[in-house]
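Residue-level structure breakdown
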Amino acid sequence: MEVIPDERREYWRIAQDRLGEDKDKEKDESEKNKAKWKSLYVEEKYAEPSAKWLDAQRRKVVQWRMRERMKTVSVSLVLCLNIGVDPPDVIKTAPCARMECWIDPHSLPPPKAVDTIGKTLQMQYERWQPRARYKLCLDPTVEAVKKLCTGMRRNAKDERILFHYNGHGVPRPTSNGEIWVFNRNFTQYIPLSLYELQHWLGSPSIFVWDCNAAGLIVKTFQHFAEQRRAELERSSNRAPGTPASPGSPGSPGGPIGDDYIHLASCGPNEILPTNPNLPADVFTSCLTTPIKIALKWFVSQTIITGVTYDLIDKIPGRLNDRRTPLGELNWIFTAVTDTIAWNVLPRPLFQKLFRQDLLVASLFRNFLLAERIMRSCRCTPSSYPKLPPTYNHPMWQAWDLAADYCLVQLPKLLANPNAEFKNCSFFTEQLTAFEVWLEFGSEEKKPPEQLPIVLQVLLSQQHRLRALVLLARFLDLGPWAVNQALSVGIFPYVLKLLQSPATELREVLVFIWAKILALDKSCQLDLVKDNGQFYFINVLANTRIPANQRTQAAFIISVVCNNCRPGQSACLSARLLQICLAQLNEPDSMLRRWVVFALAKLWENYEEAKWAAIREAAHEKLCILLTDPVPEVRAAAVYALGTFIGNSNNAAAVDAAGQAQMQQIQQMQQQAGVAPAFPGPSSSGHPMAPDATPQRTEQRVQIELKLGLTLAVVTADASPMVRKELIVTLAGLVQAHQEQFAEEVKHQIREEFKAKLEMERAKRKQQVNKSSKGSNSARSATSDPAHEDSDDGFAEPERDEQSRIFEFIWKSVVLSLLNDPFPEIAQIAQTLVGRLRQQVSSTFAPSSSSSIGVPSLYDTSSPSGSVGSVGSDFFRRAASSTGAMSESLGSGSSSNSSTPRGSAGARSPVKGSTPQSGGRGGLTASTNLAPPPAQKKIEKRYNSISNLLNLRKSDQPANDDDDSDDGDDGPSSRRSGESASHSADSHLSSLSDEIRSNLYEWCCTYFSAPLNKPTEEDETAPDYSQRRWRQQRNEHLIKEAKSFIDKGTKKLENEIAILENESHMVSLLLFHPFENMVVVADEKDGLSVWNWEEGVKINHFSNCNPPMARITSMSLINEHDIAMICAGSDDGVVRIWNGIYSHDTVRLVTAWKVVADLPLISRNTGAGVVIDWQQNSEMLYAGGNVDVIRVWDLQRELSLLNIPTSADSPVTCLNVDKEGGKLVVAGCADGSVRLYDVRQSNKYSPVAVFAEHKGPVINVAKPKSTPFRLVSGATGGTVKFWDHRVATSNNSASTVVAPAQSGSNSIALKTITAHTHSVMTALSVHDYAPLIATGSQDQRIKVMNFNGEELSVIRYHDGFLGQRIGPVSSLAFHPYHVLLAAGATDSLVSIYAGETFKSSSN
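For clarity, every value in this text was computed on a predicted model and none was experimentally measured.

The secondary structure content of the protein chain amounts to 44 helices and 37 strands. Counting only residues that meet the buried cut, the protein chain has 56% of its 1402 residues in that class. Contacts in the protein chain between residues far apart in sequence, at least 24 positions, make up 68% of those at least 6 positions apart. When the accessible surface of the protein chain is summed, it comes to about 60,800 Å², and 51% of that surface belongs to carbon and sulfur atoms.

As for its placement among the helices and strands, Asp520 is situated in the loop between helix H19 (506-519) and helix H20 (524-529). Judged by relative accessible area, which is 9%, Asp520 ranks as buried. For the pair formed by Asp520 and Val61, sequence separation is 459 residues and the distance between their alpha carbons is 6.7 Å. Those residues in contact with Asp520 that sit more than four places away from it in its chain are Val61 and Trp64.

For the rest of this paragraph, the subject is the confidence of the model for the protein chain. In this model, the protein chain carries an average pLDDT of 78, and 74% of its residues clear a pLDDT of 70 or more. Segment residues 1288-1296 is flagged for pLDDT under 50; beyond a separation of four residues in sequence, or across chains, it makes 20 contacts in the model. For residues 1298-1305, every residue scores under 50 in pLDDT, and the model assigns this stretch 9 contacts once sequence neighbours within four places are set aside.

Attention shifts here to the side chain of Lys1342. By the element assignment, Lys1342 lies in strand E33 (residues 1340-1345). Polar contacts involving the side chain of Lys1342 include one to the main-chain carbonyl oxygen of Ala1314, which spans 2.6 Å. What Lys1342 contacts, discounting residues up to four positions off in sequence, is Ala1314, His1315, Ile1332, Ala1333, Thr1334, Glu1350, Ser1352 and Val1353.

Glancing now at the sheet that holds E33. With respect to topology, 4 strands assemble into an open sheet ordered E31-E32-E33-E34, the strand pairing being antiparallel. The open sheet is flanked by strand E31 (1320-1325) and strand E34 (1350-1355), the only strands paired with a single partner. Neighbour to neighbour, the strand axes of the sheet diverge by 15 degrees on average, direction disregarded. Sheet topology note: the E31/strand E32 (residues 1331-1336) ladder contains 5 bridges and is antiparallel. Bridging across to E32, Met1320 finds its partner in Ser1336.

A sheet is described by the order of its strands in space; here 4 strands give the open sequence E14-E15-E16-E17, paired in antiparallel fashion. Of all strands in the sheet, those bounded by a partner on one side alone are strand E14 (1111-1117) and strand E17 (1147-1153). The sheet shows a mean angle of 20 degrees between the axes of neighbouring strands, taken without regard to direction. Pairing analysis gives 6 bridges linking E14 to strand E15 (residues 1124-1129), with the strands arranged antiparallel. Bridge assignment links Ile1111 to a residue of E15, and that residue is Ser1129.

Its 23 residues place the ends of helix H43 (residues 1024-1046) 33 Å apart at the C-alpha level, agreeing with the 33 Å of an ideal helix rising 1.5 Å per residue. At the exit of H43 stands Gly1048, carrying a positive phi of roughly 90 degrees.

The next point concerns the side chain of Gln124. With respect to the helices and strands, Gln124 occurs in helix H3 (residues 110-126). Among the polar contacts made by the side chain of Gln124, one reaches the side chain of Thr288 at a distance of 2.8 Å.

As a further point, take the environment of Thr334. Residue placement: Thr334 occurs in helix H10 (residues 325-344). In the structure, Thr334 is positioned 28 residues away from Ser362 in sequence and 8.6 Å away in space, judged by C-alpha atoms. Residues in contact with Thr334, not counting those within four places in the same chain, are Arg365 and Gln456.

Attention now goes to the pattern of salt bridges. Summed over all chains, the structure comprises 40 salt bridges. Asp717 is the partner of Arg634 in a salt bridge, and the nearest nitrogen-oxygen pair spans 2.6 Å. Pair noted here: Arg634 is in helix H28 (residues 631-644) and Asp717 is in the loop between helix H30 (698-710) and helix H31 (720-736), with a separation of 83 residues, a long-range link. The class for Asp717 is buried, based on a relative accessible area of 7%. Linked through salt bridges whose partners overlap, the residues forming this network are Arg160, Asp259, Lys352 and Asp357.

What follows covers empty space enclosed by the protein. Considering all chains together, one arrives at 5 cavities of 30 Å³ or more under this definition. Taken as a whole, the second largest cavity holds about 70 Å³ of empty space. Along the wall of the second largest cavity there are 12 residues; nearest its centre are Ile1365, Ala1382, Ala1384, Leu1388 and Ser1390. Only strand E36 (1379-1384) and strand E37 (1388-1393) provide two or more residues apiece to the lining of the second largest cavity. Broken down by class, the residue content of the lining of the second largest cavity amounts to 7 nonpolar, 3 polar and 2 charged.

With that settled, consider unusual backbone geometry. Across the junction of Ser203 and Pro204, the peptide omega takes the value 5 degrees, indicating a cis bond. With respect to the helices and strands, Pro204 occurs in the loop between helix H5 (194-201) and strand E6 (205-210). Residue Pro385 is bonded to the preceding Tyr384 through a cis peptide linkage, with omega at 5 degrees. By the element assignment, Pro385 lies in the loop between strand E8 (382-384) and helix H13 (395-415). The backbone of Cys101 sits at a positive phi, close to 55 degrees, despite the residue not being glycine.

Let us now look at the pairing of strand E18 (residues 1169-1174). For E18, the tally of buried residues reaches 6 of 6 residues, placing the bulk of the element in the interior. With burial as the criterion, each face of E18 is covered, one bearing Val1169, Ile1171 and Trp1173 and the other bearing Val1170, Asp1172 and Gln1174. Bridge analysis of E18 against strand E19 (residues 1179-1184) gives 6 bridges, and the strand direction is antiparallel. Note on E19: the bridge partner recorded for Ile1171 is Ala1182. Two successive antiparallel strands, E18 and E19, enclose a turn made up of 4 residues, where Glu1178 displays a positive phi of approximately 60 degrees.

Attention shifts here to the packing of H30 against helix H35 (residues 801-814). Two numbers describe how H30 lies on H35: the axes approach to 10 Å, and their chain directions differ by 35 degrees. Relative to H35, H30 is oriented so that their crossing is left-handed. For the pair H30 and H35, contact is made by Glu698, Val701, Gln702, Leu705, Gly708 and Leu709 and by Gln802, Ile805, Phe806, Phe808, Ile809 and Val813, respectively. Of the residues contributing to the contact of H30 with H35, the split by class is 8 nonpolar, 3 polar and 1 charged.

The next point concerns the pairing of strand E2 (residues 133-138). Every other side chain in a regular strand lies on the same face of the sheet, so the side chains alternate between the two faces. Summarising the sheet, strand E1 (residues 72-79) and E2 pair through 6 bridges and their orientation is parallel. Bridged to Ser76 within E2 is Lys135. Between the parallel elements E1 and E2, the chain passes through H3 in a crossover that is right-handed.

Turning our attention to the nonpolar core. Ranked by internal contacts, the top residues of the largest apolar core, which has 282 residues, are Leu197, Trp209, Trp399 and Trp513. Grouped together as the second largest cluster of nonpolar side chains are 24 residues, Leu1037, Ile1045, Ala1333 and Ile1354 included.

What follows concerns the packing of aromatic side chains. When we look at a pair of aromatic rings, we describe it by the centre distance and by the angle of the planes. This model, assessed by the stated rule, comprises 43 aromatic pairs. Ring plane angle 10 degrees and centroid distance 5.4 Å describe the contact between Phe350 and Phe354, whose orientation is recorded as stacked. Of this pair, Phe350 and Phe354 both sit in helix H11 (residues 347-354), 4 residues apart, which is roughly one turn of the helix. Of the two residues, Phe350 and Phe354, both sit in the buried class. Plain terms: the ring middles of Tyr535 and Phe536 are 5.4 Å apart, the flat faces sit at 80 degrees to each other, and that makes the pair edge-to-face. On the basis of relative accessible area, Phe536 is assigned to the buried category, the value being 0%. Members of the aromatic cluster, joined through ring pairs, are Phe555, Trp594, Phe597, Tyr639, Tyr1000, Tyr1006 and Phe1007. The side chain of Arg322 reaches across the aromatic face of Trp331, ending 5.4 Å from its centre. Here Lys601 stacks its cationic end above the ring of Tyr1000, 4.4 Å away from the centre of that ring.

Further remarks concern the state of the cysteines. One pass over the full model with this rule turns up 0 disulfides. Among the cysteines around Cys1004, which has no disulfide bond, Cys1003 carries the closest sulfur, lying 7.2 Å off. The exposure class assigned to Cys1004 is buried, which follows from its relative accessible area of 2%.

Moving on: the packing of H10 against H13. Where H10 contacts H13, the axes come no closer than 10 Å and their chain directions differ by 175 degrees. In terms of orientation, H10 lies roughly antiparallel with respect to H13. Only Met395, Trp396, Trp399, Ala402, Ala403, Cys406 and Leu413 of H13 make contact with H10, whose side of the interface consists of Pro325, Leu329, Ile332, Phe333, Val336, Thr337, Thr339 and Ile340.

Reading the values: the criteria
- Residues numbered from 1 in each chain as written.
- Predicted model: local features only at pLDDT ≥ 70, side-chain atom pairs only at ≥ 80, totals over all residues.
- Heavy atoms only, no water.
- Helix = DSSP H or I, 4+ residues; strand = E, 2+ residues; numbered from the N terminus.
- Buried < 20%, exposed > 50% of the residue type's maximum accessible area, 1.4 Å probe, protein only.
- Contact = heavy atoms within 4.5 Å.
- Areas by Shrake-Rupley, 256 points an atom, 1.4 Å probe, with all protein chains shown as cover.
- pLDDT = per-residue confidence, 0-100.
- Polar contact = N/O pair within 3.5 Å; in protein donor to acceptor, adjacent residues only side chain to side chain.
- Pairing = 2+ DSSP bridges.
- Axes fitted to C-alpha atoms, helices over the stretch in contact; angles between N-to-C directions.
- Expected span 1.5 Å × (residues − 1).
- Salt bridge = Lys/Arg side-chain N within 4 Å of Asp/Glu carboxyl O.
- 1 Å grid on protein atoms, 1.4 Å probe; cavity = no way out; pocket = protein on both sides within 12 Å on 5 of 7 lines; lining within 4 Å.
- Points joined across faces, edges and corners; volume = space filled by probe spheres on them.
- Nonpolar A, V, L, I, M, F, W, Y, C, P; charged D, E, K, R; others polar.
- Left-handed = near helix turned anticlockwise from the far one by under 90°.
- Right-handed = clockwise from strand over helix to strand, strands pointing away.
- Core = buried A, V, L, I, M, F, W, Y, C linked by side-chain atoms within 4.5 Å.
- Phe/Tyr/Trp six-rings, centres within 6.5 Å; stacked < 30°, edge-to-face > 60°.
- Lys NZ or Arg CZ within 6 Å of the ring centre and 35° of its normal.
- Disulfide = S-S within 2.5 Å.
- Parallel < 35°, antiparallel > 145°, perpendicular 65-115°, else oblique.

Structure (structure tokens):
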């Protein structure tokens, strides 16, 4: 070894350190670039709605499980040999084939030979079905055959019978459908009708015909079967009471059905081969001793030396021992024939012949060999059902190779018993071929031929692990691959492998079972029957196992418990509850999610598990996950709490189904001799609490109320997925406490009535005072006791603490979701509230001497100011935010003012479409989005209310006859009133069907999709090339734009585009940094996307704001990839839109309230919501007419930080450091510019306040061309430059406050007066070029450099060729190019370019 001197060693160390530093820098740069180019809202949960995909997946499950297993329980062997006498129609050559069952009949006396042959044939069949009842019928008569057949059918009942007929000693079958037997003295051949045989044996039956012209039997047999079927149909139409004739179809001895299977040795006009090298019953030999006949035939067809027929009989080993030569050959033969059948036969036929009955499967495997051998002898075996030709399949060559490899070793093995047998490489090579297919295979290509071989390899411990790994890779290709594997019969093998203690199989077995259960959840009973759930519970309980394996185990357990009472009981007894609760805080989010789902499915509709969960305080531990950083985990926690709340839905039906499942499993276990999967109720270890009755208990009520209070925090969650689960959970809570929530609705209606009455009374009093001031009538009218006490009917008892809790949940949680900005959530909330209002309106009328009644919530016939409109006032107001969708762009349909918006007539952001919820599983609810139909009015008129409200006669119908237009005639109204009490309880009974969650089903689809799919950075990813191309394009455009900027800009007044925004004032403008696209927001809620280079409008859609709300800020998300528009409106809501490039693909991705409810009075005076987006950190900063700046993490969809503004005025503009996101600059309406540093410990107050502006700040910027500089502008017309280091240099985070007036004490670096005679309305600062653009109301735009020098002035000109602009409302620079977009109040948008700008079209 070379010795390194000290100097060289030191040099080597320094070089290594530098190399390590370079690698670290490269890694940091790589991570930085990755963060720079990552995208948000591109996951599957934000894709197209998943309900259709879920339905497609359900339809993709093929029928792989046999409806019922068949078993051949009886075998009748009928041999008509008559040894020593050849049939008259056959001329045998000499020599010819003589062997029967490998016995020479002439070597024994005829009677003994027949008996020996029969017993040998029985032994050969017993290899394939040892438990069947065998009956020999040697050289029989017709009576013997009849007795045999009828007795076997009587004993077999509905099971299958095998009828084997050897007719080598009788004439060939006749064309009339007859086979031959003997008379008692063997002097005559007696015909036996196939029609009678068919009647005696019935069905299901399988027939083996080994005789000349056997194909003729199959043909005539099917003709008779059709004839019998026709007779059966005729007999079924006979007059009632007419007895069936004996022996006719339908009589007790008639056939059961038409399930017949035939195997015939040759065609209708063929005779059996007479080759002396083959046995006479070569067809039977192929069916019963396939290895022996196959090897002997192979020796006769090849030039192999040293191997004779006698040596083949001496092959060592046993058929069932795969380690021996004979066993390995049998194993390979089974794999080859299974593979041929799998690749040739249709799937249903393969299932019937090769998977339903073990004996039938063995016979048909061997039949494939018979076809190959007998075709070489010019015979064509036939069958029913008919099989396609398989004699020339390529897999036979693999069999020949294996046979050759074994036979070559045979002489050596027989000569030396201690010689080692070398196993064939057949299975290794086939697995390699399968692995090659996996490299290039897909659903569009032909399925792999080796799939049945993989199934056979699972039996070998030597190849098992590799086979399982390859099988797992195959299953990961998609649901179609799982279907293929289940169809080939993989299920019983992987089920049995769960009993293996081998730890190396654990990972792949868990993966395979996750794939199977993701597609077909009906396998849960099979798992419980074999106690398979314990395998996965043990995996989940072992915290040393990797998280991904435990995640898959948790998913499997959740499927076992899903709507399966035996699975729930078995898992509860296995302490699944405690195991899951111990892993709620695991670092892996997927594991947390599926542990929660396992808990949810464990106690869903299972009271015993719920009481066990209460003892473990499971609900309290789940509440901690309501603030989990991952939205899916939060949604799963709400889902689990939803299944925990309330009694079991349809408890009686669930219990009955569970008992039936348990009985089914117990019967299956008794038949299989398996230990019980779950103990009885007394030994479960979790007995139901004594008070665990279907009625509500005080403890449960208190727990559920606390949960309802806790769930209030979820209303502020930014994820629609979580909020959707919240409304579904609240629906369950309302259904569980219908009476209490109904009281809250009554209380609310009373309050609304009282408020309305007070308003009307005050208005009436004011009118009377004005009309007759000081008159006695006025005094009497105002002091009338009837008027003062008219609201006695609204008196209600004092409310206790529990009632106040219900009131809080109803008003602050349930009703708040009516205003949810995501349409689907608001619509579900409308359904919930509407159903409860219906229940109350049909049964409730406030007790009053004046008989005050309550109209229906959806009583659209109620006139303005009537009771109906009063009762639904709150609902119309709440629905107005989502109902705005019914008018903005879209459907063109109108609705009555009292009908809640956002229902059937709800409009979409694009004409003809509806804003979708995204593929967020849980966001595809099975709800009736339209409100329930309007109810009929109660019979009594509301005359007292009408009088109190001083309604005009034209507004209130005088009698019932006037209601004919509304469909409210007297009798129908009375019938409605009488039946209201009966139907009241049914209003909420169907809520669980209408309002339900698809979150669990959607999350399950994760395991159906490929789990080992490539990541975005993987070059094999489908969209990698597109992303890489965009990245390179963006980098090139940035570099090109900066080169133009470096040349300098002297003027910016070249108007290159004028865009007409359809008569709406332009309020906001936003350039796309890498595409020729500009986004325009109008004064209402319209968003337009323009190609400014071509002057073409690409898209226009509505932001779906509620009435009187406007868009106040915009940002582009994922601008480096496929951009989305993030629009904030002055109702406090941010909406993110995808598919903005096309009119047909625009879709609402998410929407939530970024700040608390903004004061309505400030919407027209303040800036509403102002936002700034930082792509690198995935943070959204939001402020506005509130006293905080809220920081949102859009990856987590959570609010991370609230920064108090410490200002008495609203925030009018925001700017965040785009590189680090540590400095936040806010401009306020009081003229102050406030600087916040989130790195400071005292981050709850500004580190600096620059207060020199005299008017509201309209924009602040931190241009990248001037580090450490801030630029701000105010309505007073001044633009100021600041150095933020003045404030941030002091680590104590002290606040620097500048005086309001300018002068010697000013800390502004520079002040530019842009406008003096008009209000400055817009300001934009270029990020890279030293350019500032200002606009004012006097129709003037100034472009200046940072020194205050005017480069261009764009103003209104009256000349013919002059530029025409209106009062400027918005300005925006392009992020990189020297381009300026200007919007005005006259709906025009102008694009101006500098002299160095180069269009992409040039």
